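# Residue-level structural notes
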Amino acid sequence: MAVQSPAPGTTDPGPAPANPAPDAPSAFGPAVALSCRECGARVPLGPVFACEECFGPLEVAYDFGDEGPEALRARIEAGPQNIWRYAPLLPVPADVTDKPNLNPGFTKLVKADRLAAELGVTGGLYVKDDSGNPTHSFKDRVVAIAVEAARTFGLTTLSCSSTGNLAGAVGAAAVRAGFRSCVFIPADLEAGKVVMAAVYGGELVGIEGTYDDVNRFCSELIGDPIGENWGFTNVNLRPYYGEGSKTLAFEICEQLGWRLPDNIVIPIASGSQLTKIDKGLQELIRLGLVADKPYRIYGAQAEGCSPVSAAFKAGHDVVRPVRPDTIAKSLAIGNPADGPYVLDIARRTGGAVEDVDDEQIVAAIKQLARTEGIFTETAGGVTIGVLRKLIESGQLDPAAETVAINTGDGLKTLDAVAPTTGMTAVIRPTLDSFREAGLA
């Protein structure tokens, strides 16, 4: 089983759960335990994230039963047009659709023919556009699962450390589900993301420093009495939270007609999304929902925060932390928790991890908007920029079918493109002025 890592800088699994896990396994659907990726030890389902035996990361382990693939596929297809159609594969109760939630997911898989033509992709190119989620990023998926876990554990406050998108997703989901929220972000985030996170009325706290500083603070808070009954989506609820990213894999394969793509290009922040997409693909294969075949997973980083890319290129197994310096602030995690697992997956599947600089990020944002009408945030610019670089360097076969993940909306990162984007001309309100401007 693929897993989530504990928070960067954390070596202790934290205090015992404030609320014990309920006896009824149906509260978590097919989930049966938390399993350590490093040593294999199992513990009961609860708000914990690190193994007490070896401090390795915990993840959700399942018993999916013996329902055949045809019956399971039919049950999924009869479900709602959101992530809860995959409830049989997630750690959520069967009645999850009856509970107040933002119900994210089942976003568009866009056939990107014009972008493909410019990049020289002949095998088919798709953009999985997660900007269509309720708060306009993929984070709504992971938060939705974390909310259900927090509800089951009787927690009262939702929190997180965030580079922006997660803060907004937690704020919105908390309001919808009836939780208090208090989230923490680097104080220098883009204004659009600050507003997006603050507008829901929860407490938004800026921390002086990088995301890694924010994360360390949250790890301290969770071990303090102040944090009792708090659900930190990406700390003590991290095993459940991470499972939300699997739904990207489920949707992509279902939208392709229940088959695996050849290549997937995924942005890397903590690396959790990439590892969970791979886990989702493996589960679909194991359950017989898709035919098994080779696929390649590629990771995308910004050059100003590219520790995983650097490790991949150097042939290292250890990811050396860096201090981020990039316009792609949603990916600016200098010590990515799942970095080593990303390396394993890229190498196992025959993929790669690559990076692009800020200028290439901006160019890619504009190219995607100009060709496909999708305005992505800087993280999506990283993904498309890396896709181009992978093709040009021969690391990705343009004759293979490829899916690129767009994780968020460009309206959140306007500052990245504003200096080089604006009005074509300013004219007087006359036809002569229009002609004089060369626009006729």
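Calculation criteria
- Residues numbered from 1 in each chain as written.
- Predicted model: local features only at pLDDT ≥ 70, side-chain atom pairs only at ≥ 80, totals over all residues.
- Heavy atoms only, no water.
- Helix = DSSP H or I, 4+ residues; strand = E, 2+ residues; numbered from the N terminus.
- Rg over C-alpha atoms; globule rule 2.2 N^0.38 Å.
- Buried < 20%, exposed > 50% of the residue type's maximum accessible area, 1.4 Å probe, protein only.
- Areas by Shrake-Rupley, 256 points an atom, 1.4 Å probe, with all protein chains shown as cover.
- Arc of directions from axis to C-beta.
- Contact = heavy atoms within 4.5 Å.
- Pairing = 2+ DSSP bridges.
- Axes fitted to C-alpha atoms, helices over the stretch in contact; angles between N-to-C directions.
- UniProt positions renumbered as here; feature names shortened; annotations may be inferred.
- Salt bridge = Lys/Arg side-chain N within 4 Å of Asp/Glu carboxyl O.
- Core = buried A, V, L, I, M, F, W, Y, C linked by side-chain atoms within 4.5 Å.
- Phe/Tyr/Trp six-rings, centres within 6.5 Å; stacked < 30°, edge-to-face > 60°.

## Some remarks on the overall build of the protein chain
From N to C terminus, the protein chain includes 15 helices and 13 strands. The globule rule puts the C-alpha radius of gyration for 440 residues at 22 Å, and the 21 Å found for the protein chain is close to it. For the C-alpha atoms alone, the extent of the protein chain along its principal axes is close to 75 × 45 × 45 Å. Relative to its full complement of 440 residues, the protein chain shows a buried share of 59%. Accessible area of the protein chain: about 16,900 Å², with a carbon and sulfur share of 52%.

## Examining helix α1 (residues 69-77)
Looking only at α1, the buried set comprises L72, R73 and I76. One face of α1 carries all of its buried residues, which in axial projection span an arc of 100°. For α1, the secondary structure elements touched by its buried residues are α8 (246-255).

## Observations concerning the sheet that holds strand β12 (residues 352-356)
Across the sheet, which stays open at both edges, the six strands sit in the order β4-β5-β13-β10-β11-β12 with mixed pairing between neighbours. Each edge of the open sheet carries a strand with a single partner, namely β4 (108-111) and β12. Each neighbouring strand pair of the sheet contributes to a mean axis angle of 25°, computed without reference to strand direction. With five bridges connecting them, strand β10 (residues 263-267) and strand β11 (residues 296-302) associate as parallel partners.

## Description of the UniProt feature "modified residue: N6-(pyridoxal phosphate)lysine" (unreviewed entry) in the protein chain
Within this numbering scheme, the UniProt entry marks K139 as carrying the feature "modified residue: N6-(pyridoxal phosphate)lysine" (unreviewed entry). Here K139 lies in helix α3 (residues 139-153). For K139, a relative accessible area of 18% corresponds to the buried category. Ignoring any residue separated from it by four or fewer positions in sequence, one finds K139 in contact with N165, L166, A169 and Y241.

## Brief notes about the UniProt feature "domain: Tryptophan synthase beta chain-like PALP" (unreviewed entry) in the protein chain
With numbering matched to this structure, UniProt assigns "domain: Tryptophan synthase beta chain-like PALP" (unreviewed entry) to residues 104-408. Taken end to end, residues 104-408 comprises 44% helix and 17% strand; its first and last C-alpha atoms sit 13 Å apart.

## A few points about unusual backbone geometry
For F55, which is not glycine, the phi dihedral falls at a positive 65°. Its location among the elements puts F55 in the loop between β2 (42-43) and β3 (58-62). One non-glycine residue, F106, lies in the positive phi region at around 50°. For F106, the position within the fold is in the loop between α1 and β4. For F106, a relative accessible area of 22% gives the class partly exposed.

## As for the pattern of salt bridges
Enumeration according to the criterion identifies 30 salt bridges in this entry. In this structure, the salt-bridge partner of E251 is R141, at a minimum N-O distance of 2.8 Å. Taken together, the residues span a long stretch of sequence, with E251 in helix α8 and R141 in helix α3 at a distance of 110 residues. We note that E251, like R141, is buried. Shared partners join several salt bridges into a network, and the residues in it are E59, E243, K246, K276, K279 and E283.

## Some points on the nonpolar core
With 118 residues, the main nonpolar core has Y240, L281 and V382 as its most contacted residues. The leading source of residues in this core is α3, at nine residues. Ignoring anything within four residues of it in the chain, the contact list for Y240 reads F28, L34, L45, G46, V60, P91, I145, A149 and F153. With 12 residues, the next largest nonpolar core counts C218, L221, I222 and F232 among its residues.

## Points about the sheet that holds strand β1 (residues 31-36)
On the basis of which strands lie adjacent, the open sheet formed by three strands has the order β2-β1-β3 and antiparallel pairing. If you trace the sheet from one side to the other, it starts and ends with β2 and β3, each paired once. Here β1 runs beside β3; their pairing, made up of five bridges, is antiparallel. Residue pairing across strands places A33 opposite A61, the latter belonging to β3.

## Quick word on the packing of aromatic side chains
Taken as a whole and judged by the stated rule, the model has seven aromatic pairs. Consider the rings of F153 and Y240, whose centres lie 5.6 Å apart with planes at 65°: the pair is edge-to-face. Of this pair, F153 sits in helix α3 while Y240 sits in helix α7 (residues 238-243), and the two are 87 residues apart along the sequence. Exposure remark for F153: the relative accessible area of 2% places this residue in the buried category.

## A closer look at the environment of A416
Note that A416 resides in helix α14 (residues 414-417). Spatially, the C-alpha atom of A416 lies 8.9 Å from that of I361, the residues being 55 residues apart in sequence. Once residues within four sequence positions are removed from consideration, A416 is found in contact with I327, V362 and T378.

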